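Here is how the chains run, residue by residue.
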Amino acid sequence: MAQRAALRRKQTTFRWVVVGLVMAFFALPMVAAFEFTIRARGAEGGYDAKTWQTLLDFGTLAESYPDLAKGIVASLLLAVVTVVIMLVLLVPTMTWVRLRLPGMSRLVEFICLLPLTVPAIVLVVGLTPVYAWVIYLLSGATVWLSFAYVILVLPYAYRALDAGLRAIDVKTLSEAARSLGASWFTVMWRVVLPNLRTAVLSASFLSVALVLGEFTIANLFAYKNLQVAMYLLGKSDSKISVAVGLAALAFAFIILFAMSFVGSRRERKS
Amino acid sequence: MAELASPAPSPDPGPGAGRPRRRALGRLRPSGALAGLVPFFVYTTIFLIIPTLVVVVGAFLGPDGRPSLGSLAALGQPGFLKALTQSILLSAATAIGGAVVGALLAYAVSTAPKDGLLKRFVTSVCGVLAQFGGVALAFAFMASFGLGGLLVGWAKVVGLDLGSGIWLYQWDKGLMLVYLYFQIPLMLIVFLPAVEGLRPQWREASETLGGTTWTYWRRVAGPILMPPFVGATLLLFTNAFSAYATAAALVSQGSPLVPLQIASTFSSEVILGQENVGKAMAFSMVVVVAIVMALYTWIDKRASRWMQR
Amino acid sequence: MTTTAASSPGGVTGPGVAVELTELTRVYAGGVRALDGLTLHMAPGEFIALLGPSGCGKTTALRCLAGLEDPDSGSVVVGGRDLTHVPTNKRDMGMVFQAYSLFPHMTARQNVEFGLELRKQDKATRAKRAADMLDLVGLSKQADRFAHQMSGGQQQRVALARALAIEPQVLLLDEPLSALDAKVRTQLRDEIRRIQLEVGTTTLFVTHDQEEALAVADRVGVMNAGRLEQLAAPAELYSAPVSEFVADFVGVTNRVRAEVGDDGAHVWGGVVPLLPGSAGRGAAVLLVRPEAVVIEGGEANATVVSSSFLGGHGKVVTTTDDGDRVVVQVSNAEVTAHAPGDRVRLRPRGDRALAVAP
């Protein structure tokens, strides 16, 4: 009788076995790395939480590991600036293309997805002369790395925003707003953006996660962001650098996990 | 750049110069509408198009800045060829391994309830590892398999002697293992939508027509999933091929992979004139990635045609 | 579409087989009783439509017959064989799903041939049979198209051809028309009936659209809360509903205050004979069809609210002096005669009706 039930049971077993095995595979080095960070210093062994205490107390951290603290601050600032530039650049452009220049959508999409074809390491090579000018015109401050980071997050942000724009009828919405006397700015700010909230949020979250994890460009241009500081610290104090790495991974996980709830609240019809 | 940045002059200035400024939607001259895209095009030109052109053009310039194939010829050096081969092998192996395991994981996750915690959890974990791993992942491995690492001890318990841990820093052993930690997750993220696109009606239709579970997989689900599977594997290949952070953090001696080779021409005391060799190497990477991505796009189009509503 | 109806294509199933669903019960996790002792017997070659609101268990019943769902108790017997524990792929059921059931990577022809391949038929036989089936549903020219190259209606035709190709014992149609637009729906509905009569396969058709059910089926079963409320020929279902639920679900019904006496229900000065199962003496609500009410001259007892054309006939909406809203079906000529606010007299035509407790 229960052949359906048997199939479902089989699927459930398969699911838990596969998910369990793969998750265990993923967890192994994390667990081992965690164990490494709580090992007590000194010959007699044992465990303590000193590394994590240092990490959680930003004051001490800034004192004992000034570069790391600077790196964390720099990365957070980079994340914010990157998100702002990305949104200011993409949201109006993509909305505008949908409203007025549907013929350009292919070109814009091509450009936005192009960074998938250009590895970060290649981008670094090509950006060298560009950044010579950035340093000359602006300054050598780390925050200008955001310009390059916007390019890195472009494909992901584009896809997130594109999905959001697909779900609403921008054209009708803005025609309605225009017919009621709204300016283009009002259309953008009061009509389009509120309807894109979820897409904007997920594009921003993705960008933050990517920026916090970025290493290649910062390292090769000799800027110190979180990842680079961690990398350099790894050579002198491996415990704290491993702990920072784990904390960063955990932080990114929390961001993405939270995002999965935000996104599904307004599921669009497929 | 100039022609992209400034809106093309309108062939027809339009009779509406004296009209009220507010117009109905769609009445603006095309050039006016195009002006809205100027910031985007200027930005991407400076930070994306120009760098790409720098690499492409630079690859065909000699040390003196004149057109030359010398830089490209430098790619024929055994050192670079070895790195290229190893890069391709590493990427291919981890792409295939990651694709197989990731596909299984994706199918397993797809059988879970749609908005359940399990799905959210696994997708988030994979999102982190796929996009964010890099240096942190490399460090986690060094801590686990380094001197006195926990996993070395555990491996000993099951009778595996991991020795000195040198293997962790070799491209065809440790690096391959570490790469799987972002390849499998990426596969899940890329492949899950395809698996979830399988409609229950297809299984049921196959069954009512007399098919077994095996028939369903061999004749229906398998062929439907093949294009997205191949496409995702290609994507994984380019992902591994482009990866730099993990390799840089793990490998401290030599440059066994192309990204490391590029980085070395870039950061160390460059012999004068070597910088265009770096561009040539970067160019070769772009070529490989572009070929694979073109293939991917072609396959993806085929696949999404089937998946249409 | 004109097919050579006389020469039944490719030697389709002869007379169909009998189906007996007995005391089927299915309780979902969470305690929902999708089927609550459903018993349904189908005669060989019969076309039965299961009709009911969503969640009434009609689809569950069909899926139990297909073997896609296991009943918790009860039995499924087809052609004298107990199939209750037989897996779906050994049941020989042709099934057409709501939508999107065509294999997307196969052409129409390959879809139709799929079941035949599984039955190890040789290539020539398969090709012949597939061609015949596509011809039967009028899609010979689209044989090499993929699902995404066909309209929704065409996809459902291919699905029907695929289901019929294996000469199934029973044809199962799970709301096959619900995803189509109105015009295609009626067209395909009539075609399904034509094809079913031609091949003679016993057919179970599940739908929530009463018009569809009444139009195609030999008998219609109205389901409610996991049980069969009434199983009858369409005309009987309409004119002699056994319960308020059936009367409400099938067709339009006026609810009118009435007084039940020995000779029937008294309403608007007339007497209406009662259907079996009606309420006993005393105040009651009478369920009257719009065409069973007549507007005539005389002492007015109602006021016209609106009147409208509906194509072939018209309707007048009135409010009686008792406060009941009554829809009356009238001829087109009568529509213009009744303006809103007019006082009219309503009279029962005298058709048998169901009286229920108020």
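Residues numbered from 1 in each chain as written. Chains lettered and ligands numbered in written order. Predicted model: local features only at pLDDT ≥ 70, side-chain atom pairs only at ≥ 80, totals over all residues. Heavy atoms only, no water.

Trainee: Could you give me a rundown of the overall build of chain C, with the residues and numbers involved?
Mentor: A count of helical and extended segments in chain C gives nine helices and 20 strands. Viewed in the frame of its principal axes, chain C has a C-alpha envelope of about 80 × 45 × 40 Å. Across the 358 residues that make up chain C, the buried fraction comes to 53%. Considering only contacts in chain C between residues 6 or more positions apart, those separated by 24 or more positions represent 68%. Total accessible area on chain C stands at roughly 14,600 Å², and carbon and sulfur atoms take up 52% of it. Charge-centre separation for chain C: the mean point of 36 positive side chains lies 6 Å from the mean point of 42 negative side chains. (Helix = DSSP H or I, 4+ residues; strand = E, 2+ residues; numbered from the N terminus. Buried < 20%, exposed > 50% of the residue type's maximum accessible area, 1.4 Å probe, protein only. Contact = heavy atoms within 4.5 Å. Areas by Shrake-Rupley, 256 points an atom, 1.4 Å probe, with all protein chains shown as cover. Lys, Arg positive; Asp, Glu negative; His and termini not counted. Charge placed at Lys NZ, Arg CZ, Asp CG, Glu CD.)

Trainee: Would you mind going over the sheet that holds strand E12 (residues 264-267) of chain C in detail, with residue names and values included?
Mentor: All names here are of chain C. With antiparallel pairing, the five strands of this open sheet are ordered in space as E13-E12-E11-E14-E20. Two strands bound the open sheet, and with one partner strand each, they are strand E13 (270-272) and strand E20 (354-356). Averaged over all adjacent pairs, the angle separating strand axes in this sheet is 45°, with direction ignored. Inspection of the sheet shows E12 paired to E13 by three bridges, in the antiparallel sense. Bridge pairing links valine 267 to glycine 270 in E13. (Pairing = 2+ DSSP bridges. Axes fitted to C-alpha atoms, helices over the stretch in contact; angles between N-to-C directions.)

Trainee: Go over the interface of chain B and chain A, please, and point to the residues and values.
Mentor: Think of interface size as the accessible area that goes away when the parts come together; that is how it is often given. Each side of the interface is counted separately: chain B has 85 residues, and chain A has 89 residues. Summing both partners gives a buried area of about 7,600 Å² for chain B against chain A, and 79% of it is carried by carbon and sulfur. The interface formed by chain B and chain A includes six residue pairs in polar contact (both at pLDDT 80 or more). Ranked by residues supplied to the side of chain B that touches chain A, first place goes to helix H3 (residues 38-58) of chain B with 14 residues. (Buried area = accessible area lost by both parts, 1.4 Å probe. Polar contact = N/O pair within 3.5 Å; in protein donor to acceptor, adjacent residues only side chain to side chain.)

Trainee: Talk me through empty space enclosed by the protein; I want residue IDs and the actual numbers.
Mentor: Sizing a probe to match a water molecule and rolling it over the atoms shows the empty space that remains. All names here are of chain C. Under the counting rule described, the total for this entry stands at one cavity of 30 Å³ or more. Lining the largest cavity are Val96, Gln156, Arg157, Leu160, Leu173, Pro176, Leu177, Leu188 and Ile192. Element by element, the count of residues in the lining of the largest cavity is highest for helix H4 (residues 152-165), at three residues. Looking at the lining of the largest cavity residue by residue, the classes come out as seven nonpolar, one polar and one charged. (1 Å grid on protein atoms, 1.4 Å probe; cavity = no way out; pocket = protein on both sides within 12 Å on 5 of 7 lines; lining within 4 Å. Points joined across faces, edges and corners; volume = space filled by probe spheres on them. Nonpolar A, V, L, I, M, F, W, Y, C, P; charged D, E, K, R; others polar.)

Trainee: I'd like a rundown of the packing of helix H4 (residues 66-100) of chain A against helix H12 (residues 226-236) of chain A, residues and numbers included.
Mentor: Residue and element names in this part refer to chain A. Viewed as axis vectors pointing N to C, H4 and H12 meet at an angle of 160°, and their least axial separation amounts to 7 Å. One element, H4, and the other, H12, form an angle in the roughly antiparallel class. For H4 against H12, the interelement crossing comes out left-handed. Facing Asp67, Leu68, Gly71, Ile72 and Ser75 of H4, the residues of H12 in contact are Leu226, Ala229, Met230 and Leu233. Looking at the contact of H4 with H12 residue by residue, the class counts come to six nonpolar, two polar and one charged. (Parallel < 35°, antiparallel > 145°, perpendicular 65-115°, else oblique. Left-handed = near helix turned anticlockwise from the far one by under 90°.)

Trainee: So what's going on with the interface of chain B and chain C? Which residues, and what values?
Mentor: Taken together, the contact pairs 21 residues of chain B with 23 residues of chain C. In this assembly, chain B packs against chain C so that about 2,200 Å² is buried in total across both faces, 64% of it on carbon and sulfur atoms. For the pair chain B and chain C, the number of links is two salt bridges. For the salt bridge of glutamate 204 of chain B with arginine 63 of chain C, the shortest nitrogen-to-oxygen distance reads 2.5 Å. At the surface where chain B touches chain C, the tally comes to nine residue pairs in polar contact (both at pLDDT 80 or more). Those elements that provide at least two residues to the side of chain B that touches chain C are helix H10 (200-208), helix H11 (213-242) and helix H14 (275-306) of chain B. For the side of chain B that touches chain C, the leading source of residues is H10 of chain B, giving seven residues. Looking at the side of chain B that touches chain C, its residues break down into seven nonpolar, eight polar and six charged. (Salt bridge = Lys/Arg side-chain N within 4 Å of Asp/Glu carboxyl O.)

Trainee: Break down the packing of helix H2 (residues 108-118) of chain C against H4 of chain C for me, with residues and values.
Mentor: Residues and elements named next belong to chain C. As a packed pair, H2 and H4 sit with axes 8 Å apart at the nearest point and diverge in direction by 25°. Classified by the angle their axes make, H2 and H4 are roughly parallel. Between H2 and H4 lies a crossing whose hand is right-handed. The segment H2 lies against H4, with Ala108, Asn111, Val112 and Leu116 engaging Val158, Ala161, Arg162 and Ala165.

Trainee: Tell me what's going on with the layout of surface pockets, and back it up with residues and numbers.
Mentor: In this structure, the second largest pocket encloses a volume near 620 Å³. Tyr231 and Lys235 of chain A together with Ala248, Val251 and Ser252 of chain B are, among the 26 residues lining the second largest pocket, the residues nearest its centre. When residues of the lining of the second largest pocket are traced back to their parent elements, those giving at least two are helix H11 (216-220), H12 and helix H13 (238-265) of chain A together with helix H7 (134-145), helix H12 (245-250) and helix H13 (258-267) of chain B. Looking at which element gives the most residues to the lining of the second largest pocket, the answer is H13 of chain B, with four residues. Residues of the lining of the second largest pocket, tallied by class, amount to 15 nonpolar, 10 polar and one charged.

Trainee: I'd love a proper account of the packing of aromatic side chains, names of residues and values included.
Mentor: In the structure shown here, the tally under the stated rule is 31 aromatic pairs over all chains. For the ring pair tyrosine 179 of chain B and phenylalanine 182 of chain B, a centre distance of 4.8 Å and an interplane angle of 45° mean the geometry is tilted. Here the residue tyrosine 179 of chain B and the residue phenylalanine 182 of chain B both occupy positions in helix H9 (residues 174-196), the gap between them amounting to three residues, near one helical turn. Residues tyrosine 179 of chain B and phenylalanine 182 of chain B agree in their burial class; the two are buried. Through pairs of rings, three or more aromatic residues link up here, namely Tyr131, Trp144, Phe147 and Phe221 of chain A together with Tyr43 and Phe47 of chain B. (Phe/Tyr/Trp six-rings, centres within 6.5 Å; stacked < 30°, edge-to-face > 60°.)

Trainee: For the domain arrangement of chain C, give the residues involved together with the corresponding values.
Mentor: Each domain of chain C was delimited in the assignment, giving domain 1 (19-239) and domain 2 (253-356). Distance from the C-alpha centre of domain 1 of chain C to the C-alpha centre of domain 2 of chain C: 39 Å. (Domains from an automatic or database assignment.)

Trainee: Requested: an account of the domain arrangement of chain A, with residues and values cited.
Mentor: Along its sequence, chain A is organised into domain 1 (1-26) and domain 2 (69-265). Computed from C-alpha atoms alone, the centre-to-centre distance between domain 1 of chain A and domain 2 of chain A is 38 Å.

Trainee: Explain the sheet that holds strand E6 (residues 93-96) of chain C to me, using residue names and the numbers behind them.
Mentor: All names here are of chain C. One open sheet accounts for six strands, arranged E6-E7-E8-E3-E9-E10; its pairing is mixed. The open sheet has two edge strands, E6 and strand E10 (227-232), and neither has a second partner. With direction set aside, neighbouring strand axes in the sheet form an average angle of 20°. As paired strands, strand E9 (residues 219-224) and E10 are joined by five bridges and run antiparallel to one another. Residue pairing in the sheet places valine 222 in a bridge with glutamine 230 of E10. Seen against the sheet, H4 touches E6 and strand E7 (170-174) and runs at an angle of roughly 175° to E6.

Trainee: I'd like a rundown of the state of the cysteines, residues and numbers included.
Mentor: Residue and element names in this part refer to chain C. Summed over the entire model, instances satisfying the criterion amount to zero disulfides over all chains. Looking at cysteine 56, it has no disulfide partner, and the nearest cysteine sulfur is the one in cysteine 64, 13 Å off. In this structure cysteine 56 comes out as buried when scored by relative accessible area, which is 2%. By relative accessible area, which is 0% here, cysteine 64 ends up buried. (Disulfide = S-S within 2.5 Å.)

Trainee: So what's going on with the pairing of strand E16 (residues 302-309) of chain C? Residues and values would help.
Mentor: Residue and element names in this part refer to chain C. Relative to strand E17 (residues 314-320), E16 runs antiparallel, the two being bridged by seven bridges. Within E17, the position partnered with threonine 303 by the bridge is threonine 319. In textbook terms, the turn of a hairpin is the stretch between consecutive antiparallel strands, and for E16 and E17 this stretch comprises four residues, one of which, glycine 311, has a positive phi near 95°. In this sheet, strand E19 (residues 343-348) lies alongside E16 in antiparallel orientation, the contact comprising two bridges. The residue of E19 that forms the bridge with threonine 303 is arginine 343.

Trainee: Could you give me a rundown of helix H5 (residues 182-199) of chain C, with the residues and numbers involved?
Mentor: Residue and element names in this part refer to chain C. Relative to the 26 Å expected for 18 residues at 1.5 Å per residue, H5 spans 26 Å between its end C-alpha atoms, a close match to the ideal helical length. When we look at burial in H5, the residues that qualify are Leu188, Arg189, Glu191, Ile192, Arg193, Ile195, Gln196, Glu198 and Val199. On its buried face, H5 is in contact with strand E3 (47-51), helix H3 (123-136), H4, E7, strand E8 (202-207) and helix H6 (210-216). Just beyond H5, the residue with positive phi is glycine 200, at close to 70°. (Expected span 1.5 Å × (residues − 1).)

Trainee: Before we move on, could you go through the pattern of salt bridges and cite the residues and values that matter?
Mentor: Counted under the stated rule, the structure contains 31 salt bridges over all chains. Among the salt bridges present, the one from aspartate 162 of chain A reaches arginine 98 of chain A, with a minimum N-O distance of 3.0 Å. Within this pair, whereas aspartate 162 of chain A is found in helix H7 (residues 145-167), its partner arginine 98 of chain A is found in helix H4, the two being separated by 64 residues in sequence. Each of the salt bridges in this network shares a partner with another, and the network as a whole consists of Glu204 of chain B together with Arg26, Arg63, Glu69 and Asp72 of chain C.

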